Amino acid sequence: MNAAERNDGGITAAERQYGIVTAAYWGFTLTDGALRMLVLLHFYKLGYSPFTLAFLFLLYEGAGVLANLIGGWLATRFGIARMLTVGVVTQIIGFGLLSALQPEWTATMSVAWVVLAQGVCGVAKDLTKTASKSAIKITQAQAKDQGNGQLFKWVAWFTGSKNAMKGFGFFLGGLLLETLGFQGSLWAMSGLLALVLIGVVTSLPPMMGKSKPSGSAKELFAKNAGINALAAARVALFGARDVWFVVGVPVFLYSVGWTFTMVGGFLATWTIGYGLVQALAPQLVRRSADGLSREVPAARWWSAVLTLIPLGIAAALWLQAPQLQWWVVGGLSLFGFAFAINSSVHSYLVLAYAGSEKAAEDVGFYYAANALGRFMGTLLSGLLYQWGGLLYALLGSALMLLLCWLTTLRLPLGLLENTTPSEKTGTP
């Protein structure tokens, strides 16, 4: 029986593998979201400055650049299931390092230790993300009877549900910090990941997605025009989000009287809503028969819309509009809606442009750009907020989004020369 044939339960092998990978990534993302909130709230409570808080996440984001590139190559060389396993084990190691932090250490030693442990967790996250996103392309390519729009639907649901789970993770992190403390929370999350690890090892074929990897650095980096343009747009898109979301929004809301619980709850609600909109993106973006002629203009249009939102919030701050906190909350809600559509379309397009043979490498290259954008945004979030508050962070976001829109103008609308139509659209 091939992957597209149905078993006695009416589920194809491809659908089963997709479900297993999605569930594993849900569990991983739940702990990843909780980790961010644990670190942010714990060290803010200890009196760390906005720039130092951003610095704690720098290696976490920066390590993802290399992890995605190498992870894509390794997933192609050794199989996606094996790289999922490596990613989960690495996250457990990172949690163990963080739990070893001692209160009597100096501030310098504590920061250095947390940055190192966060770097390990950053490697884990991006190894897991690259393997998981690549698995969608592999399983969809196997499912020959799923229809033209299946790739977009699977990508949108996977990405959207993952981000909703990350929102629950934000709430879980705050709850665990209050009930179990910093160290106890990390041990509890390690136990959850151990269960995820058992599921991956026992449920997925170890050779899933294995292919011949690129034989040189030139081959690994020389992607097609569509993926190159998307990667550049992704750097600007995620930098534009994190430049005001990582430090600016939570610190601003806390400074105007919100409690930690209120800040964490709002960020959790925002992320869950953002994930739900991502999952609905296939219903909000008109589809085309070739998978590109309508989807690419949608990426351009939503980038242009997104650019205007931080400018509007910045104007409210500049004019000292009454009830500024609600301008920020409302503006961030609009931003989340437009950003979710944008991100979902991008995530679909990278798999539409990618070939099935080395999908993991293509996805790894793309998400390395994603990690680079987060790294830049995280660094600038601390610097800009310290220099000029939320206003500077918003202006930085708008500038990055303008660059994102300009880059999407370079996205190809037609079939790529080095891929077949089935690889282009994910259809048989």
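Everything discussed here concerns the structure shown above.
Just so you know, these numbers come straight off a predicted model, no measurement behind them.

Q: What should I look at first to understand a nonpolar patch on the surface in this one?
A: Nonpolar side chains collect at one region of the surface, where Leu308, Leu311, Trp387, Tyr392 and Leu395 lie side by side and expose about 560 Å² of accessible area between them. Every element with two or more residues in the nonpolar patch is listed here: helix H12 (295-318) and helix H14 (359-408). Looking at which element gives the most residues to the nonpolar patch, the answer is H14, with 3 residues. With respect to the helices and strands, the residue tryptophan 387 is situated in helix H14.

Q: Sorry, what's going on with the packing of helix H10 (residues 248-255) against helix H13 (residues 324-353) here?
A: A pair of packed helices is characterised by two quantities: the angle between their axes and the separation of those axes. Put simply, H10 and H13 touch, their axes get as near as 10 Å, and they point 150° apart. In terms of axis orientation, H10 runs roughly antiparallel to H13. As for how H10 packs across H13, the hand of that crossing is left-handed. Every residue of H13 that contacts H10 at Val249, Phe252 and Leu253 is listed here: Leu324, Gln325, Val328, Val329 and Leu332.

Q: What is the right way to look at the environment of valine 65 in this model?
A: Looking at the secondary structure, you find valine 65 in helix H3 (residues 58-78). The exposure class of valine 65 is partly exposed, given its relative accessible area of 23%. As a C-alpha pair, valine 65 and valine 123 span 58 residues in sequence and 8.6 Å in three-dimensional space. In contact with valine 65, other than residues within four places in its own chain, are Ala368, Ala371 and Leu372.

Q: Would you explain the packing of aromatic side chains in this entry?
A: For any two aromatic rings, the description comes down to two numbers: the centre-to-centre distance and the angle of the planes. Counting across every chain of the model gives 14 aromatic pairs. Taken together, Phe238, Trp244, Phe245, Trp270, Tyr274, Phe335 and Phe339 form an aromatic cluster joined through their ring pairs. Lying across the ring of phenylalanine 57, arginine 36 places its NZ or CZ 4.6 Å from the centre.

Q: Quick question: what am I supposed to make of the nonpolar core here?
A: Side chains of nonpolar character tend, in soluble globular proteins, to be buried together. Core analysis: the biggest nonpolar cluster contains 127 residues, and Phe43, Leu56, Trp244, Phe335 and Leu349 have the highest contact counts within it. For this core, the element with the highest residue contribution is H13, accounting for 16 residues. Once residues lying within four places of it in the same chain are set aside, the contact partners of phenylalanine 43 are Tyr48, Leu53, Leu56, Leu101, Val114 and Phe182.

Q: Explain the packing of helix H9 (residues 225-245) against H13 here, please?
A: Contact geometry of H9 with H13 gives a least axis separation of 11 Å together with a crossing angle of 155°. Here H9 lies roughly antiparallel to H13, going by the angle between them. At the point where H9 passes H13, the crossing takes the left-handed sense. Residues Gly226, Ile227, Leu230, Ala233, Arg234, Leu237, Phe238, Ala240, Arg241, Trp244 and Phe245 of H9 lie in contact with H13, whose contacting residues are Leu332, Phe335, Phe339, Asn342, Ser343, His346, Ser347, Leu349, Val350 and Tyr353. Considering only residue class, the contact of H9 with H13 consists of 14 nonpolar, 5 polar and 2 charged.

Q: Is there a simple way to explain the environment of valine 263 in this structure?
A: Take valine 263: it is sitting in helix H11 (residues 260-284). The class for valine 263 is buried, based on a relative accessible area of 4%. What valine 263 contacts, discounting residues up to four positions off in sequence, is Pro250, Leu253, Tyr254 and Trp258.

Q: Would you mind showing me how to read unusual backbone geometry here?
A: Note on backbone geometry: most residues besides glycine have negative phi, and most peptide bonds are trans. Although it is not a glycine, glutamine 320 sits at a positive phi angle of roughly 55°. Take glutamine 320: it is sitting in the loop between H12 and H13. Phi is positive for glutamine 323, close to 55°, though the residue is something other than glycine. With respect to the helices, strands and loops of the structure, glutamine 323 is situated in the loop between H12 and H13.

Q: What is the right way to read the side chain of serine 185 from this model?
A: In this structure, serine 185 sits in helix H7 (residues 181-203). Look at serine 185 and you get buried, because its relative accessible area is 0%. Residues in contact with serine 185, not counting those within four places in the same chain, are Leu38, Leu176, Leu177 and Leu180.

Here is what the cut-offs are and how they apply
Residues numbered from 1 in each chain as written. Predicted model: local features only at pLDDT ≥ 70, side-chain atom pairs only at ≥ 80, totals over all residues. Heavy atoms only, no water. Patch = residues over 30% accessible without salt bridge, like charges linked within 9 Å, V, L, I, M, F, W, Y side chains within 5 Å. Areas by Shrake-Rupley, 256 points an atom, 1.4 Å probe, with all protein chains shown as cover. Salt bridge = Lys/Arg side-chain N within 4 Å of Asp/Glu carboxyl O. Helix = DSSP H or I, 4+ residues; strand = E, 2+ residues; numbered from the N terminus. Axes fitted to C-alpha atoms, helices over the stretch in contact; angles between N-to-C directions. Parallel < 35°, antiparallel > 145°, perpendicular 65-115°, else oblique. Left-handed = near helix turned anticlockwise from the far one by under 90°. Contact = heavy atoms within 4.5 Å. Buried < 20%, exposed > 50% of the residue type's maximum accessible area, 1.4 Å probe, protein only. Phe/Tyr/Trp six-rings, centres within 6.5 Å; stacked < 30°, edge-to-face > 60°. Lys NZ or Arg CZ within 6 Å of the ring centre and 35° of its normal. Core = buried A, V, L, I, M, F, W, Y, C linked by side-chain atoms within 4.5 Å. Nonpolar A, V, L, I, M, F, W, Y, C, P; charged D, E, K, R; others polar.

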